[in-house]
Amino acid sequence: MGGAPDLSFSIQPGGSLNGTLQVPGDKSISHRSIMLGALAEGETRIRGFLEGEDALATLAAFRRMGVRIEGPDGGRVLVNGVGLHGLREPGGPLDMGNSGTSMRLLCGLLAGQGFPVTLVGDASLSRRPMRRVTEPLARMGALIEASPDGTAPLHIRPTAGLKGIDYALPVASAQVKSSLLLAGLYAAGETCVSEPAPTRDHTERMLRGFGYEVRTSPGRACLTGGGRLIGCDLDVPGDISSAAFFLVGASIAPGSDLTLTQVGMNPTRVGVINILRAMGADIEVMNPREAGGEPVADLRVRSAELHGIRIPEDQVPLAIDEFPALFVAAACAQGETLLTGAEELRVKESDRIQVMADGLSALGVEVEPRPDGIRIQGGPMGGGHLDSRGDHRIAMSFAIAALRAQAPIGIADCANVNTSFPGFAALARGVGLGISEQHP
Ligand code: S3P
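Residues numbered from 1 in each chain as written. Predicted model: local features only at pLDDT ≥ 70, side-chain atom pairs only at ≥ 80, totals over all residues. Heavy atoms only, no water.

Draft legend 1. Focus on the site of the ligand. All residues in the neighbourhood of the ligand are listed as Ser 28, Arg 32, Thr 101, Arg 104, Ser 173, Ala 174, Gln 175, Arg 200, Ile 320, Asp 321 and Lys 348. Notes on the ligand: free accessible area 390 Å², of which the protein chains cover 95%. Elements that contribute at least two residues to the shell around the ligand include exactly helix 1 (27–39), helix 3 (100–111) and helix 5 (174–184). Class assignment for the residues of the shell around the ligand results in 2 nonpolar, 4 polar and 5 charged. Taken together, domain 1 (8–25 + 237–438) and domain 2 (27–235) each give at least three residues to the shell around the ligand, which thus spans both. (Near = heavy atom within 4 Å. Areas by Shrake-Rupley, 256 points an atom, 1.4 Å probe, with all protein chains shown as cover. Helix = DSSP H or I, 4+ residues; strand = E, 2+ residues; numbered from the N terminus. Nonpolar A, V, L, I, M, F, W, Y, C, P; charged D, E, K, R; others polar. Domains from an automatic or database assignment.)

In structure tokens form, the structure reads like this:
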């Protein structure tokens, strides 16, 4: 699954983005729709499910644990929930591929089952830190064995019982928060998680949508174990993290006027819009509405003269996946952009500070990577051959950068774009990006 350096992009410089497009479904919500649908009683009908490799890894894992799932078919999935105690032991390790969300959330969800299970992942996922979930889960009574480095594979054994804890997250992470809340479904008493800054709240919202009581106050979520989830119908909005490439692309490419329909606008996800607007972007939020318990809107974005800013640290968790694209915006802006407080970027699918700094400097942009962020001096961009290091969001960010480059850009190792955004190249081509794909 993913990982193989068997696809490259080549993109002609210049052009503009025009027309209307709909990005695929939200990755975070798609994962959770399968997980909660599987643990619910009765049927869950999902529309707009993201058929990308990450969410499909989650879906495959639940099939392996005995859940009958029909689809995906054009974004439609029917999950026949087995209830909180209906999962069965899979006949071998569960492969999470490139997906940190699958591994971290399932680690919590599976800590309270009555069977042993092993979670494995690809080379990138096997390097990513897992102690952030295994340590608090151990405090709840979970029996999880990781490698000596605290990485996957994760061997989870059944425990006599989990107990709720009150945990203050050391890093702002929705994955850790969600992992503990999912373990909390199986724990005696109350599980509470406090976060140092607000992170995406899809788990809390969706648990409520499945009829489970979650008590929230700003920066804190609590639930009590032993309840039930009831199957429901779910509409997955478009992924703002996928929309981000087009928000940046249309902003930086002169002559652009692009409308993105049905984009998820959850307040814990809109950092990319806040940051781009602070840089001078022209983004109009149209027709705001509610779909499946999440705010959605259409976004019209027109090209604008961007200027560098100091990115407010409170926006970092709200735009955590969008920084590779935002760095491209910064490279095209007048003046300097400074990001601080974002050390988490170093432990994503790649070290996103270093890999973006390497690629931008290869394009002739002046950058200064720092332990917790980066300084980028806007200026002209050349072309050249870059490597995404197997990171989907880096591949798509450099593809968009070509809109302002002075020569073609080639990007190696792009197969993992399919983890979050299948069909990216065709969709981008349809609105004006001169992108072609090369399979060896
Ligand atoms: C996610 C949370 C974020 C994000 C990831 C998806 C989620 O990770 O980067 O792509 O669905 O909960 P962290 O919570 O580790 O920041």
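Still more to cover.
Draft legend 2. Focus on the state of the cysteines. The final tally for this structure, using the stated rule, is 1 disulfide. This cysteine, Cys 414, is not joined by any disulfide, and Cys 332 carries the nearest cysteine sulfur, 18 Å off. (Disulfide = S-S within 2.5 Å.)

Draft legend 3. A look at the domain arrangement of the protein. The domains assigned to the protein are domain 1 (8–25 + 237–438) and domain 2 (27–235). Between domain 1 and domain 2, the C-alpha centre-to-centre distance is 28 Å. Between domain 1 and domain 2, the contact holds 28 residues from the first and 26 residues from the second. For the interface between domain 1 and domain 2, the tally reads 3 salt bridges. (Contact = heavy atoms within 4.5 Å. Salt bridge = Lys/Arg side-chain N within 4 Å of Asp/Glu carboxyl O.)

Draft legend 4. Representation of the packing of aromatic side chains in the model. This structure, assessed with the given rule, holds 6 aromatic pairs. Ring centres of Phe 323 and Phe 327 lie 6.2 Å apart, and the angle between their planes is 40°; on these two criteria the pair is classed as tilted. Of this pair, Phe 323 and Phe 327 both sit in helix 9 (residues 323–331), 4 residues apart, which is roughly one turn of that helix. Classification of Phe 323 as buried rests on a relative accessible area of 0%. Considering the side-chain rings of Phe 421 and Phe 424, the 5.3 Å spacing of their centres and the 70° angle between planes classify their relative orientation as edge-to-face. Per residue, the accessibility class of Phe 421 equals that of Phe 424, and both read buried. (Phe/Tyr/Trp six-rings, centres within 6.5 Å; stacked < 30°, edge-to-face > 60°. Buried < 20%, exposed > 50% of the residue type's maximum accessible area, 1.4 Å probe, protein only.)

Draft legend 5. Expanded view of the sheet that holds strand 11 (residues 166–168). Sheet architecture is open: 4 strands sit in the order 11-13-15-14, paired in mixed fashion. What marks the edges here is a single partner per strand, and that holds for strand 11 and strand 14 (215–217). Shown here is a sheet whose adjacent strand axes are inclined to one another by a mean of 10°, direction ignored. Along the sheet face, helix 5 touches strand 11, strand 13 (190–194) and strand 15 (220–224) and points at about 175° away from the line of strand 13. (Pairing = 2+ DSSP bridges. Axes fitted to C-alpha atoms, helices over the stretch in contact; angles between N-to-C directions.)

Draft legend 6. Molecular detail of the packing of helix 1 against helix 3. In contact at an axis separation of 11 Å, helix 1 and helix 3 are set at 25° when each is read in the N-to-C sense. Judged on the interaxial angle alone, helix 3 and helix 1 are roughly parallel. Once helix 1 is placed against helix 3, the crossing between them reads as right-handed. Contacts between helix 1 and helix 3 involve His 31, Arg 32, Met 35 and Leu 39 from the former and Thr 101, Ser 102, Leu 105, Leu 106 and Leu 109 from the latter. Its residues placed into classes, the contact of helix 1 with helix 3 shows 5 nonpolar, 3 polar and 1 charged. (Parallel < 35°, antiparallel > 145°, perpendicular 65-115°, else oblique. Left-handed = near helix turned anticlockwise from the far one by under 90°.)

Draft legend 7. Local environment of unusual backbone geometry. Residue Pro 72 follows Gly 71 across a cis peptide bond; omega there is 5°. Considering the arrangement of structural elements, one finds Pro 72 in strand 4 (residues 68–73). Here Ala 152 and Pro 153 are connected by a cis peptide whose omega angle stands at 0°. Here Pro 153 shows up in the loop between strand 8 (143–145) and strand 9 (154–157). Despite not being glycine, Asn 287 shows a phi value in the positive range, around 55°. Note on placement: Asn 287 falls in strand 18 (residues 282–291).

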